[in-house]
Amino acid sequence: MKIIYTDVLVIGGGLAGLRVATGVKERGHDVVVLSLVPPKRSHSAAAQGGMQASLANCKMGEGDNEDVHFSDTIKGSDWGADQEVARMFVHCAPKAIRELAIWGVPWSRVHRGEHTSVINAQKVTISESEEAHGLITARDFGGTKKWRTCYTSDGTGHSMLYAMDNKAKEEKVEIHERLEAISLIHENGRCSGAIARNLMNGELVAYVAKATTIATGGYGRLYSVSTNAIICQGIGQAIALETGVATLGNMEAIQFHPTAIVPVGILTTEGCRGDGGLLLDKDGYRFMPDYEPEKKELASRDVVSRRMTEHIRKGKGVKSRYGDHLWLDITILGREHIEKNLREVKEICESFLGIDPAVDWIPVRPTQHYSMGGIRTKYTGESQTLKGLYSCGEAACWDMHGFNRLGGNSVSETVVAGMLVAEYIADFCDSDESALNIDTHTIATFLKAEKDKMEALLTKENGEDAYVLRRRMESIMMEKVGIFRNGEDLQAAVDELEELYKRSKNIEVFRSKSRGANPALVNAYRTQKMLKLALTVAYGALLRTESRGAHSREDFPERDDKNWLKRTITSWPDENQTIPTVSYEEIPIEKMEFPPGFRGYGKDLTVVNPETTKRQGVVDALTEKLVREGANRFEIQNALMPYIDKLPKKYQGTNERLGENV
Amino acid sequence: MREVKIDTTPARLDFIQSASGLILALFMWAHMFFVSTILLGKDVMYKVTIFFEGHYFFGESYPLIVTIVAGAIFAIFIAHAAVAMRKLPSNYKQYKILKNHIQSFKHGDTRLWFWQIFTGFAMFFLGSVHLYIIMTNSADIGPYASSDRIVSEWMWPLYILLLLAVELHGSIGLYRLALKWGWFEGTDAKKSRIKLRRMKYAITIFFLTLGFLTLAAYIKIGIEHKANAGERYHLETSVVEGVK
Amino acid sequence: MSEVKKERILKISILRFDPTDPKDFPHIVTYEVEEADGMTLFIALNEIREHHDNSLMFDFVCRAGICGSCSMLVNGQPKLACRVLTSKLDANISLAPLPLFKLIRDLSIYTGEWMRGLSERVESWIHDKEEELAFDKLEQRMEPALADEIYELDRCVECGCCVAGCGTIQMKPNFLGAVGLNKVARYHLDPRDKRSDEEYYEIVGDEDGVFGCMTLLGCEDVCPKDLPLQSKIAYLRRMMIQTAAKN
């Protein structure tokens, strides 16, 4: 029996996981990171567009600050977010980006003087100030009031991940590659590590740790077409779910990105539209202004994706053998801009479509892109129900995104949540609370359970083919739990997924019987886990009889703040149940700094909660009074919704900006 | 930052390899132009020969000068061979790996390098023989003396091989040298490389053509002069006498 | 559009071997796959695994040419398989794992371990002893053009193609290779890294470093990210010669 002891176990070697690992290591705790792939290959690398942080350096970002970033984020979330968490996030995003700048990310910088840019299909000249020269610049992204998305050309995620991984190497963080956590060790509501499988030789290893962190990213691969890397299968969420103790939040909140290429679903960054690219239909007509006259192509992602789908349904899509699509036109930006700032897009167009985006339009359609839901945590990143289990990044429902995430807030969340959760974990490990009392018998029991599962898969006869089940699951999710949802389809989806789940207990690994490196075996046990997760998504979507953010019900088009201002909480307490247990967590309006309002897209279909009016009155009165008394924005904010004490001491300081606090 | 004591030898060796290679390659260009003067007539070649023997400076010829120059070139040649040897496969295993790599990879510049190893290795012998003979027989250069050596003393097979080896090795080497140090890189290194490669081929063809024409000229003279082998050439008009 | 196009049958020959199986030995297996529109090797290999042989091992992660996981020898050429359209190849395709890296199984190789060793060897991170994490303050300024230039070198995805395309490193496995030299050039260029020229010389100033490079330029020609490797190795060579001359 191989047991590895450490203080902190981090599952997942993307941006969030690495940031947690370096953070706790700096605080003097031992840490081991388990990663499916070399960390530099994690899906974080694919975030082309940028990271939101309210630095307000460039001309179009002037006047930006935490308050503006906060309100954009809350609006974007359709008021589903945890406002305290969102506050913590916007406060720390500038710190995270500056830290990364010190660690070597070559952020694109402001250049003094004039440059031209394309805004709303017009060439515009923008003049950058002398004093901003050489500071980190930003570009426009959907759903934001200011240009706030900082970037390195179009390889932001790549540069961030490389800097982070290099930092982890400098700190001598121990990384175990090609190890997959397949179950969590837990007893009496306390998580004490994980059982992992070595994907190179099949060995099972027990990792015992005071704190275990899941940072495995999203679960986009439940869908047949997704922009996600093929390793984003939600196994982190699934093993948390399988404890029966830890809970998942808002699993039905799935974001579709407007512009993935057809048919393979590879993402072209939001930067294409941010920089001035247009969406056109089969007649070459720019349709977005008809639907969203104000924000047009740069409306929030969920909105653009729905408008595109609506437009295709009107018969305006371009026909192709892979289904209908629309066009993304970036030719207007000019070759020079494309080759410098959108080079990744150019490479993708050349390699996968054989077209030149400086001349040709790009075939795109909305495609599964991001999982707002995940392991439900407190603001510290710790599971609400399983002590010693932490989660952050896309894997978690920390809940700063609510029901829709803004472009550029995801990579930003990974590093911000990573740096905060690292501190909370380190505090936990420093305290007596973290003392572990686990005997090797318990570990052996968990280890044996996994070994038995593997053996069962390999020795079963006349069983099911995992690939068949999985492909079916993927298409159900795509067709019935997609951009527009309705009760009938969702019910059918839940029923069939439940059936598939039952069949998955009888999976047999055909032919490929190796106990070592065996891709068929990996697919078999992952399929079982993915089916459970798919059920949480479909079932949560079925029960939520309203439309909020990315969750859009054709049969319930209103955002129902009266009944549905709450988070879906899913768990799987009994091994033998075939449908998840669902409960709800209220999102209290009376504590909100920014009470629910109209997002400003389409028609206002909100069912207003009476609490909202009350709270709005309180907020307005208090703000007015404080303004009269000459209070500054920090004091006003603190009076409305204090949060700063929740932050680790080292991150409580105010952020410098040109013309503010310098 | 901490004080670091570095070992500069690897840098020196690298520099010596490139510098000696550059000198040898440029020397070979010049050398080729000198010997090819035979194509302009025996007189011209003769005048060039005695020019290098110092005739126009001292009033009479000193073949010792040629000996010294040849000796210097020989020294550089040996130095170049010594440092360049570090790059060759040092055992059969390495050789085999390289051979397989070249076969499966099918990459132009890697193949060129194989030719460079091959020609370089050949020149250990071919070059040494030639240099030694010139060093020790520096007086025997001239329209007849050289032709006799090529034909009557059976040097032509060696010269054919040497010519091929030198021109290939030299032009590939210069091309590689430019890339190695980033010369003529301009704003677009990839485009300049294509230009450099074209130039390399042009230079190879030019010098091989010139070389073979020259060799043919000497062979022709050598055959015609076979009966009188050993006899030295004299200018038909004795203008030379008048020059101090 | 009525005419039915007859799709080609691709014959994909894969060099297979499971080093953990004592009975196995390297052998070539050929699979037949019907070509489809826009098919890449990613699609073709998944089809083989799903319909012909579920034990076939290979690595894809982003499948979009971003992560660098799927490098392999395609007809002898190191390439990112996800970006190879089958339509650009002959119907007979040979696939083999990249040489030099530890083989996991079939086309799957352990580049992570190798690249980690490399990073530790050249210490590919910002060295700044006085660095204080002043994350509340305005960030240090940097010339926009310099930031772009650093990013240009930062784009390496550690796929290992340059290693497979390098004759030198095949013969002399201790050689840093273009991936390592590029990293050094990247940090040398970065004003945030306070290492002196002499410290850099210690890392690359020998025949396992920049002086070992024979300028065969396989690296430059196979790099899927079109990094300016030739130019940067030349830059590094000049810098190191200057450093030696100073000392």
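Just so it is clear, the model here is predicted, and its values are computed rather than measured.

Trainee: Quick question: what am I supposed to make of the overall build of chain C here?
Mentor: Secondary structure assignment for chain C yields 9 helices and 7 strands. C-alpha extents for chain C along the principal axes are approximately 65 × 45 × 30 Å. Burial status across chain C gives 65% buried among its 247 residues. In chain C, 62% of the contacts between residues at least 6 apart in sequence involve partners at least 24 apart. Within the structure as shown, chain C displays about 9,300 Å² of accessible surface, and the carbon and sulfur contribution to it stands at 51%.

Trainee: When you look at the domain arrangement of chain C in this model, what are you seeing that I'm missing?
Mentor: Quite often, the size of an interface is put as the accessible area lost when its parts meet. Residues and elements named next belong to chain C. Each domain of chain C was delimited in the assignment, giving domain 1 (9–109) and domain 2 (111–246). Relative to domain 2, the C-alpha centre of domain 1 lies at a distance of 30 Å. The partner domain 2 presents 17 residues to the 15 residues of domain 1 that form the contact. Here domain 1 packs against domain 2, burying approximately 1,300 Å² in sum over the two surfaces, 66% of which is carbon and sulfur. When the buried surface of domain 1 facing domain 2 is broken down by residue, P78, L100 and F101 rank first, second and third, together holding 46% of it. Our count for the contact surface shared by domain 1 and domain 2 stands at 0 salt bridges. Among the elements that line the side of domain 1 that touches domain 2, the one with the most residues is strand 4 (residues 77–80), at 3 residues. Grouping the amino acids of the side of domain 1 that touches domain 2 by side-chain chemistry returns 9 nonpolar, 3 polar and 3 charged.

Trainee: Sorry if this is basic, but what is going on with the interface of chain A and chain C here?
Mentor: With 84 residues of chain A at the interface, the matching set in chain C holds 70 residues. Both faces considered, chain A and chain C share a buried interface measuring about 6,500 Å² in area, 50% of it formed by carbon and sulfur atoms. When the buried area of chain A at its contact with chain C is split by residue, A:R41, A:I102 and A:K169 rank highest and sum to 11% of it. Seen at the junction of chain A and chain C, the total is 13 salt bridges.

Trainee: For this particular structure, what's the right way to read the packing of helix 13 (residues 466–480) of chain A against helix 14 (residues 487–504) of chain A?
Mentor: The relative placement of two packed helices comes down to the angle between their axes together with the axis-to-axis distance. Residues and elements named next belong to chain A. At their nearest, the axes of helix 13 and helix 14 sit 10 Å apart, and the two run at 165° to each other. The angle between helix 13 and helix 14 places the two elements in the roughly antiparallel class. The element helix 13 and its partner helix 14 pack so that their crossing is left-handed. Seen from helix 13, the contacting residues are L469, R472, M473, I476, M477 and K480; seen from helix 14, they are D489, L490, A492, A493, E496, L497, L500, R503 and S504. A per-class count over the contact of helix 13 with helix 14 returns 9 nonpolar, 1 polar and 5 charged.

Trainee: Is there a simple way to think about the interface of chain B and chain C in this case?
Mentor: If you look at the interface, chain B gives 36 residues, while chain C gives 44 residues. Overall, the association of chain B and chain C removes approximately 3,500 Å² of surface from exposure, summing both partners, and the carbon and sulfur fraction of that is 57%. At the boundary of chain B and chain C, one finds 4 salt bridges. Inspection of the chain B/chain C interface yields 17 residue pairs in polar contact (both at pLDDT 80 or more). With 6 residues, the top contributor of residues to the side of chain B that touches chain C is helix 5 (residues 92–105) of chain B.

Trainee: Honestly, unusual backbone geometry in this entry has me stumped. Any pointers?
Mentor: Both trends apply: most residues other than glycine have a negative phi, and most peptide bonds are in trans. With an omega of 5°, the peptide bond between A:V262 and A:P263 qualifies as cis. Tracing the backbone shows A:P263 in the loop between strand 12 (254–261) and helix 6 (271–274). Positioned with a positive phi, A:K296 is a non-glycine residue whose angle comes to about 50°. Relative to the helices and strands, A:K296 resides in the loop between helix 7 (288–291) and helix 8 (301–316). Although it is not a glycine, C:E158 adopts a positive phi angle of roughly 55°. Structurally, the position occupied by C:E158 is in the loop between helix 3 (144–154) and helix 4 (161–164).

Cut-offs used in this document
- Residues numbered from 1 in each chain as written.
- Chains lettered and ligands numbered in written order.
- Predicted model: local features only at pLDDT ≥ 70, side-chain atom pairs only at ≥ 80, totals over all residues.
- Heavy atoms only, no water.
- Helix = DSSP H or I, 4+ residues; strand = E, 2+ residues; numbered from the N terminus.
- Buried < 20%, exposed > 50% of the residue type's maximum accessible area, 1.4 Å probe, protein only.
- Contact = heavy atoms within 4.5 Å.
- Areas by Shrake-Rupley, 256 points an atom, 1.4 Å probe, with all protein chains shown as cover.
- Domains from an automatic or database assignment.
- Buried area = accessible area lost by both parts, 1.4 Å probe.
- Salt bridge = Lys/Arg side-chain N within 4 Å of Asp/Glu carboxyl O.
- Nonpolar A, V, L, I, M, F, W, Y, C, P; charged D, E, K, R; others polar.
- Axes fitted to C-alpha atoms, helices over the stretch in contact; angles between N-to-C directions.
- Parallel < 35°, antiparallel > 145°, perpendicular 65-115°, else oblique.
- Left-handed = near helix turned anticlockwise from the far one by under 90°.
- Polar contact = N/O pair within 3.5 Å; in protein donor to acceptor, adjacent residues only side chain to side chain.

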